[in-house]
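Residues per chain are reported as follows:
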Amino acid sequence: MVVVVDVAAVTQELYGLRPAEFTAARDAYVARARRERDTDAARALGRLRRPTLALWAANLLARARPDRARDLVRLGAELRAAHRELDGARLRALSHEQHALVAELAAEAAGLVAAHGERAAPGLREDTGRILLALLADEAAGRDWTDRRLTAAPAPRTGFEGLEPDPGALPPPAPERTPPTAAPERSPTRRTRATAGRTSRAESAPERSAGTADAPDRSAPDRSVHERAARERAARVAAARRARDEAEEELRRARAALTDAADARRAARAEAAALRGELDALRTRLAVAGAAADAAENGHRRAEQELRRADRTAEAAAADLRAAERDAPSGPTLEE
């Protein structure tokens, strides 16, 4: 029976850990999923990458201050709506709130990192602020963040240029200008000539005057052409920005792969150092054992020499005994 591992719950747990603890914990969960034959979970968890310090700080903020995280997500929704509607006045008002809120939350996230015993690297506040700014423009990443499942920093954005305006959205009309006041008349002669000229032109072309009065308003077609050109420009800009975002995502993945490779290199070096230590200890033990073997060999040789001397001494004593027995006189015994 295949036991299904809760990937979402494990992901939430992993991205709440310190970056230094992430890799070992992830690998342990991957091994557990493989033991339980949950290959999909093992594959999904194996793709998770160690968070940067700034991403961990942003996740800490979402966990410690969920109310403030919701404030940022709400602000992002309002900013995106204002951008799509081309509401410049609303965008300007929200931008002031955006800068103040992002700066406040980035500082609070850096404080949470220090409170968890991690040294805040230089530039941490700025890096965290860039992640928070990107969350304002990325609705899906904002949801993952508040759900404590943000596994990678969203692609950085400059403002909201990557979002296309709603079809038909036009900038608010410019305020009507008051027609300029007629210039003061400089001389009766010039006024008379101008009046006469206008009268003459009106009398010579009555049909054209009537046609002008009945002509349709050409501003509507002009506006349609302007809207179509604006939409085409917006589409080109959006395509270029999507390409840029894809390149930046590829760069982020490459950097994550580099981080993982660096982690693997550090682990391999640590293992090699441990093995070298074990090898040095074995070499020391081997040297001690070799010296003991040499001493034992010397002792064995000395014992053999002593044995041979003892054999010779014993043989000499036995010979002396035999000789003494032969030389002893044969006389009457005590009983006789």
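Conventions we followed
- Residues numbered from 1 in each chain as written.
- Predicted model: local features only at pLDDT ≥ 70, side-chain atom pairs only at ≥ 80, totals over all residues.
- Heavy atoms only, no water.
- Helix = DSSP H or I, 4+ residues; strand = E, 2+ residues; numbered from the N terminus.
- Buried < 20%, exposed > 50% of the residue type's maximum accessible area, 1.4 Å probe, protein only.
- Contact = heavy atoms within 4.5 Å.
- Areas by Shrake-Rupley, 256 points an atom, 1.4 Å probe, with all protein chains shown as cover.
- Expected span 1.5 Å × (residues − 1).
- Arc of directions from axis to C-beta.
- Salt bridge = Lys/Arg side-chain N within 4 Å of Asp/Glu carboxyl O.
- Core = buried A, V, L, I, M, F, W, Y, C linked by side-chain atoms within 4.5 Å.
- pLDDT = per-residue confidence, 0-100.
- Axes fitted to C-alpha atoms, helices over the stretch in contact; angles between N-to-C directions.
- Left-handed = near helix turned anticlockwise from the far one by under 90°.
- Nonpolar A, V, L, I, M, F, W, Y, C, P; charged D, E, K, R; others polar.
- Polar contact = N/O pair within 3.5 Å; in protein donor to acceptor, adjacent residues only side chain to side chain.

What follows covers the overall build of the chain. In terms of helices and strands, the chain carries eleven helices and zero strands. Listing the helices and strands of the chain from first to last along the sequence gives α-α-α-α-α-α-α-α-α-α-α. Counting across all 336 residues of the chain, residues that qualify as buried make up 22%. For the chain, the proportion of contacts with a sequence separation of at least 24, taken over those separated by at least 6, is 74%. Summed over its atoms, the accessible surface of the chain is roughly 23,300 Å², and 55% of this surface lies on carbon and sulfur atoms.

What follows concerns helix 5 (residues 66-84). A rise of 1.5 Å per residue sets the reference length of helix 5, with its 19 residues, at 27 Å; its end C-alpha atoms lie 27 Å apart and thus fit the reference within 8%. Buried within helix 5 are the following residues: R68, A69, L72, L75, G76, L79, R80, A82 and H83. End-on, the buried residues of helix 5 take up no more than an arc of 160°, which puts them together on one face. Lining the buried residues of helix 5 we find helix 4 (53-64), helix 6 (88-115), helix 7 (124-137) and helix 8 (139-146). Just downstream of helix 5 lies L86, where phi reads positive at about 55°.

A separate point is the pattern of salt bridges. Once their charged atoms are close, side chains differing in charge can pair, the charge on each being opposite to the other. For the coordinates displayed, the defined rule picks out 18 salt bridges. Where E21 meets R18, a salt bridge forms, and the shortest distance between an N and an O atom there is 3.5 Å. Salt-bridge contacts for E306 lead to R309; the nearest nitrogen and oxygen are separated by 2.0 Å. On the criterion of helical spacing, the pair formed by E306 and R309 is a turn pair, its members being three residues apart in helix 11 (residues 219-327). Look at the salt bridges and you will find they share partners, linking R74, E78, R90 and E97 into a network.

Take the side chain of T128 next. When you line up the elements, T128 lands in helix 7. If near-sequence neighbours (up to four positions away) are discounted, T128 is found in contact with A54, A57, A58, A106 and A109.

All of the buried residues in helix 3 (residues 39-46) are A41, A42 and L45. Buried residues in helix 3, looked at end-on, bunch into an arc of 100°, giving them a common side. Turned more than 90 degrees off the buried face of helix 3, the exposed positions are T39 and D40. Close packing links the buried residues of helix 3 with helix 1 (7-14) and helix 2 (19-35).

Let's shift gears to the nonpolar core. Judged by nonpolar contacts, the single largest core of 30 residues is most densely connected at L61, L72, L132, L135 and W145. Those elements that provide at least two residues to this core are helix 4, helix 5, helix 6, helix 7 and helix 8. In terms of residue count, the dominant contributor to this core is helix 6 (nine residues). Residue contacts for L132: discarding those within four places in its chain leaves L61, L72, V102, L105, A106 and W145. Core analysis: the next-biggest nonpolar cluster, separate from the first, contains 13 residues, V10, L14, Y15 and A25 among them.

Quick look at the confidence of the model for the chain now. Here the chain averages 77 in pLDDT, while 67% of its residues score no lower than 70. Low pLDDT, under 50, characterises residues 166-218; the predicted model gives this stretch 14 contacts beyond four residues in sequence or across chains.

Here N59 lies in helix 4. Assessed through its relative accessible area of 3%, N59 is described here as buried. If we skip the residues at most four places from it in the chain, N59 touches Y15, W145 and L150.

A few words now on the environment of T11. Looking at where T11 falls in the secondary structure, it is placed in helix 1. A relative accessible area of 8% means that T11 is categorised as buried. Distance in space between the C-alpha atoms of T11 and L150 is 8.8 Å, their sequence separation being 139 residues. Excluding residues that lie within four positions of it along the chain, T11 makes contacts with L45, L48 and T151.

The next thing to look at is the packing of helix 4 against helix 7. In a pair of packed helices, the angle between the axes and the distance between the axes together describe the arrangement. The contact between helix 4 and helix 7 brings their axes to 9 Å, and the two run at 65°. The handedness of the crossing between helix 4 and helix 7 comes out as right-handed. Here L53, A54, L55, A57, A58 and L61 of helix 4 lie close against helix 7, whose contacting residues are L124, D127, T128, I131 and L132. For the contact of helix 4 with helix 7, the per-class residue count stands at nine nonpolar, one polar and one charged.

Quick look at the environment of H116 now. Relative to the elements of secondary structure, H116 occurs in the loop between helix 6 and helix 7. The exposure class assigned to H116 is partly exposed, which follows from its relative accessible area of 36%. On a C-alpha basis, the gap between H116 and R18 in space is 8.7 Å, while along the polypeptide they are 98 residues apart. Apart from residues lying up to four places away in sequence, H116 is in contact with R18, W56 and L60. A polar contact of 2.9 Å, which involves the side chain of H116, links it to the backbone oxygen of L112.

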